[in-house]
Amino acid sequence: SDYVTDRQFSDFPISPEVLKGILESVRDGVNMVNAPSIAQELGLKVIESKVSLPSDFSSLVTVRVRGCEDRMIAGTIFHGRQPRIVRIDDFMLEAIPEGPTIFIQNHDQAGVVGNVGTILGEGGLNISRMQLALIPEKSQAAMLVNVDGCPTEEIMERLRGSAHMITAQLVEL
(Lines give C-alpha, C1' and ligand atoms only; values in the text may rest on other atoms or scores of the structure.)
Protein backbone atom coordinates (compact mmCIF):
# COMPACT_ATOMS: atom_id res chain seq x y z
CA SER A 1 0.00 0.00 0.00
CA ASP A 2 0.96 3.59 -0.47
CA TYR A 3 1.59 6.09 2.26
CA VAL A 4 -1.47 8.31 2.02
CA THR A 5 -2.26 11.54 3.79
CA ASP A 6 -4.84 14.21 3.14
CA ARG A 7 -2.93 16.74 5.25
CA GLN A 8 0.68 17.46 6.01
CA PHE A 9 2.20 16.21 9.28
CA SER A 10 2.69 19.81 10.40
CA ASP A 11 -1.11 20.15 10.48
CA PHE A 12 -1.28 17.27 12.97
CA PRO A 13 1.53 17.54 15.50
CA ILE A 14 0.26 14.36 17.19
CA SER A 15 0.65 12.20 14.05
CA PRO A 16 4.40 11.52 14.19
CA GLU A 17 4.08 10.73 17.90
CA VAL A 18 1.24 8.26 17.25
CA LEU A 19 3.17 6.57 14.44
CA LYS A 20 6.24 6.36 16.67
CA GLY A 21 4.19 4.73 19.43
CA ILE A 22 2.70 2.16 17.07
CA LEU A 23 5.97 1.32 15.29
CA GLU A 24 8.22 1.08 18.39
CA SER A 25 6.85 -2.36 19.14
CA VAL A 26 7.98 -3.73 15.76
CA ARG A 27 11.15 -1.78 14.98
CA ASP A 28 14.07 -0.41 17.01
CA GLY A 29 15.24 3.17 16.59
CA VAL A 30 11.88 4.70 15.67
CA ASN A 31 11.55 8.41 16.39
CA MET A 32 9.21 11.21 15.38
CA VAL A 33 11.41 12.15 12.42
CA ASN A 34 11.79 8.71 10.82
CA ALA A 35 8.37 7.22 11.77
CA PRO A 36 6.63 8.30 8.49
CA SER A 37 9.47 6.80 6.41
CA ILE A 38 9.41 3.55 8.37
CA ALA A 39 5.62 3.34 7.97
CA GLN A 40 6.03 3.74 4.21
CA GLU A 41 8.88 1.20 4.14
CA LEU A 42 6.66 -1.32 5.96
CA GLY A 43 3.87 -0.76 3.44
CA LEU A 44 1.53 0.81 5.97
CA LYS A 45 -1.29 2.96 4.71
CA VAL A 46 -1.65 6.03 6.93
CA ILE A 47 -4.72 8.19 6.52
CA GLU A 48 -5.07 11.35 8.56
CA SER A 49 -8.12 13.53 8.76
CA LYS A 50 -9.45 16.36 10.86
CA VAL A 51 -13.17 16.59 11.50
CA SER A 52 -15.03 19.50 13.04
CA LEU A 53 -18.15 17.76 14.28
CA PRO A 54 -19.86 18.29 17.62
CA SER A 55 -18.83 15.66 20.14
CA ASP A 56 -18.79 15.05 23.86
CA PHE A 57 -15.25 16.47 24.03
CA SER A 58 -13.82 19.81 22.90
CA SER A 59 -10.89 17.87 21.38
CA LEU A 60 -10.68 14.16 20.69
CA VAL A 61 -7.89 12.18 19.04
CA THR A 62 -8.88 8.78 17.69
CA VAL A 63 -6.38 6.23 16.39
CA ARG A 64 -7.71 3.26 14.45
CA VAL A 65 -5.42 0.41 13.38
CA ARG A 66 -6.69 -2.12 10.88
CA GLY A 67 -4.98 -5.40 10.17
CA CYS A 68 -5.23 -8.92 11.58
CA GLU A 69 -7.26 -7.34 14.35
CA ASP A 70 -8.92 -3.93 14.14
CA ARG A 71 -8.33 -1.73 17.18
CA MET A 72 -9.40 1.79 18.09
CA ILE A 73 -8.44 4.07 20.94
CA ALA A 74 -9.59 7.62 21.62
CA GLY A 75 -8.24 10.19 24.03
CA THR A 76 -8.75 13.76 25.07
CA ILE A 77 -7.30 16.41 27.35
CA PHE A 78 -9.29 17.54 30.40
CA HIS A 79 -8.82 21.00 31.88
CA GLY A 80 -6.15 21.85 29.31
CA ARG A 81 -3.48 19.45 30.55
CA GLN A 82 -4.88 16.19 31.96
CA PRO A 83 -4.78 13.41 29.32
CA ARG A 84 -7.47 10.73 29.43
CA ILE A 85 -8.23 7.60 27.44
CA VAL A 86 -11.97 7.75 26.85
CA ARG A 87 -12.58 4.82 24.52
CA ILE A 88 -10.97 1.51 23.60
CA ASP A 89 -12.80 -0.26 20.78
CA ASP A 90 -16.48 -0.17 21.88
CA PHE A 91 -15.67 0.33 25.57
CA MET A 92 -16.30 3.83 26.93
CA LEU A 93 -14.25 4.74 30.04
CA GLU A 94 -12.11 7.46 31.53
CA ALA A 95 -8.56 6.39 32.34
CA ILE A 96 -5.33 8.23 33.07
CA PRO A 97 -2.61 6.99 30.69
CA GLU A 98 0.27 6.54 33.12
CA GLY A 99 2.81 3.84 33.83
CA PRO A 100 2.42 0.07 33.59
CA THR A 101 -1.20 -0.67 32.73
CA ILE A 102 -3.01 -3.94 32.16
CA PHE A 103 -5.85 -3.91 29.63
CA ILE A 104 -8.29 -6.72 30.40
CA GLN A 105 -11.32 -7.87 28.44
CA ASN A 106 -13.60 -10.38 30.10
CA HIS A 107 -17.06 -11.88 30.04
CA ASP A 108 -19.34 -9.84 32.30
CA GLN A 109 -19.49 -12.15 35.31
CA ALA A 110 -19.38 -11.63 39.07
CA GLY A 111 -16.02 -12.03 40.76
CA VAL A 112 -13.72 -11.03 37.90
CA VAL A 113 -12.62 -7.71 39.44
CA GLY A 114 -11.97 -9.40 42.81
CA ASN A 115 -9.99 -12.17 41.14
CA VAL A 116 -7.83 -9.62 39.28
CA GLY A 117 -7.14 -7.82 42.57
CA THR A 118 -6.24 -11.10 44.29
CA ILE A 119 -3.83 -12.19 41.53
CA LEU A 120 -2.11 -8.80 41.46
CA GLY A 121 -1.95 -8.59 45.28
CA GLU A 122 -0.46 -12.08 45.55
CA GLY A 123 2.13 -10.96 42.99
CA GLY A 124 3.05 -7.98 45.18
CA LEU A 125 1.52 -5.40 42.86
CA ASN A 126 -0.55 -2.50 44.15
CA ILE A 127 -3.40 -1.21 41.98
CA SER A 128 -3.06 2.56 41.71
CA ARG A 129 -6.12 3.02 39.46
CA MET A 130 -8.76 0.82 37.90
CA GLN A 131 -11.29 1.92 35.30
CA LEU A 132 -14.15 -0.34 34.26
CA ALA A 133 -16.26 -0.40 31.12
CA LEU A 134 -19.19 -2.52 30.01
CA ILE A 135 -21.02 -3.44 26.81
CA PRO A 136 -24.19 -4.99 28.28
CA GLU A 137 -25.62 -6.18 24.95
CA LYS A 138 -22.46 -8.26 24.36
CA SER A 139 -22.08 -9.30 28.03
CA GLN A 140 -18.48 -8.11 27.81
CA ALA A 141 -16.52 -5.93 30.17
CA ALA A 142 -13.11 -4.30 30.13
CA MET A 143 -10.80 -2.73 32.65
CA LEU A 144 -7.66 -0.67 32.54
CA VAL A 145 -5.62 -1.38 35.65
CA ASN A 146 -2.70 0.92 36.50
CA VAL A 147 -0.20 -0.89 38.73
CA ASP A 148 2.75 0.32 40.79
CA GLY A 149 5.29 -1.94 39.11
CA CYS A 150 5.68 -4.16 36.10
CA PRO A 151 3.87 -7.52 36.37
CA THR A 152 5.88 -10.64 35.64
CA GLU A 153 4.94 -12.97 32.80
CA GLU A 154 3.75 -15.43 35.46
CA ILE A 155 1.26 -12.86 36.79
CA MET A 156 0.07 -12.08 33.25
CA GLU A 157 -0.42 -15.79 32.53
CA ARG A 158 -2.43 -16.19 35.75
CA LEU A 159 -4.65 -13.30 34.67
CA ARG A 160 -5.09 -14.73 31.16
CA GLY A 161 -5.95 -18.15 32.58
CA SER A 162 -8.47 -16.97 35.14
CA ALA A 163 -12.21 -17.57 34.85
CA HIS A 164 -14.24 -15.49 32.39
CA MET A 165 -11.11 -13.87 30.89
CA ILE A 166 -10.97 -13.01 27.17
CA THR A 167 -7.60 -11.24 27.10
CA ALA A 168 -5.07 -9.52 29.35
CA GLN A 169 -2.35 -7.33 27.84
CA LEU A 170 0.37 -5.25 29.45
CA VAL A 171 0.88 -1.78 28.00
CA GLU A 172 3.20 1.01 29.09
CA LEU A 173 1.45 4.37 29.02
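See the structure above.
Note that the structure is a prediction, hence the values are computed from the model and not measured.

### What to know about the pairing of strand 7 (residues 140–147)
Within a regular strand, the side chains alternate between the two sheet faces. By the criterion of burial, strand 7 is predominantly enclosed, with 7 of the 8 residues buried. For strand 5 (residues 100–107) and strand 7, the ladder comprises 7 bridges, and the chain directions are antiparallel. Within strand 7, the residue paired with threonine 101 across the bridge is asparagine 146. Looking at chain direction, strand 6 (residues 127–135) and strand 7 are connected through 8 bridges and run antiparallel. The residue bridging isoleucine 135 from the neighbouring strand is glutamine 140, located in strand 7. In this structure, the hairpin formed by strand 6 and strand 7 is closed by a connection of 4 residues, where serine 139 is found at a positive phi of approximately 55°.

### Structural notes on the nonpolar core
The biggest cluster of nonpolar side chains holds 15 residues, and the ones touching the most others in it are Ile102, Ile104, Val116, Leu120, Val145 and Leu159. Elements supplying a minimum of two residues to this core: strand 5, helix 3 (112–122), strand 7, helix 4 (153–161) and strand 8 (165–172). Among the elements that line this core, the one with the most residues is helix 3, at 4 residues. Every residue in contact with valine 145, bar those within four places of it in the chain, is listed here: Pro100, Thr101, Ile102, Ile104, Leu120, Ile127, Arg129 and Met130. Within the second largest apolar cluster, 10 residues are counted, among which are Ile85, Leu93, Ala95 and Ile135.

### Quick notes on the packing of helix 3 against helix 4
At their nearest, the axes of helix 3 and helix 4 sit 10 Å apart, and the two run at 160° to each other. By the criterion of interaxial angle, the relationship of helix 3 to helix 4 is roughly antiparallel. Both helix 3 and helix 4 take part in a crossing whose hand is right-handed. Counting all contacts with helix 3, which are made through Val116, Ile119, Leu120 and Glu122, the residues of helix 4 involved are Ile155, Arg158 and Leu159. Here the residues of the contact of helix 3 with helix 4 sort into 5 nonpolar, no polar and 2 charged.

### A short note on the side chain of serine 162
The topology assignment puts serine 162 in the loop between helix 4 and strand 8. Classification of serine 162 as buried rests on a relative accessible area of 11%. Here serine 162 is in contact with Asn115 and Ile119, once residues within four sequence places are set aside.

### Re helix 4
Every buried residue belonging to helix 4 is among Ile155, Met156 and Leu159, and all of these are buried. One side of helix 4 carries all its buried residues, which in axial view fall inside an arc of 100°. Looking at helix 4, the residues exposed on the side facing more than 90 degrees away from the buried face are Glu154 and Gly161. Against strand 5, helix 3 and strand 8 lie the buried residues of helix 4.

About the cut-offs
- Residues numbered from 1 in each chain as written.
- Predicted model: local features only at pLDDT ≥ 70, side-chain atom pairs only at ≥ 80, totals over all residues.
- Heavy atoms only, no water.
- Buried < 20%, exposed > 50% of the residue type's maximum accessible area, 1.4 Å probe, protein only.
- Helix = DSSP H or I, 4+ residues; strand = E, 2+ residues; numbered from the N terminus.
- Pairing = 2+ DSSP bridges.
- Core = buried A, V, L, I, M, F, W, Y, C linked by side-chain atoms within 4.5 Å.
- Contact = heavy atoms within 4.5 Å.
- Axes fitted to C-alpha atoms, helices over the stretch in contact; angles between N-to-C directions.
- Parallel < 35°, antiparallel > 145°, perpendicular 65-115°, else oblique.
- Left-handed = near helix turned anticlockwise from the far one by under 90°.
- Nonpolar A, V, L, I, M, F, W, Y, C, P; charged D, E, K, R; others polar.
- Arc of directions from axis to C-beta.

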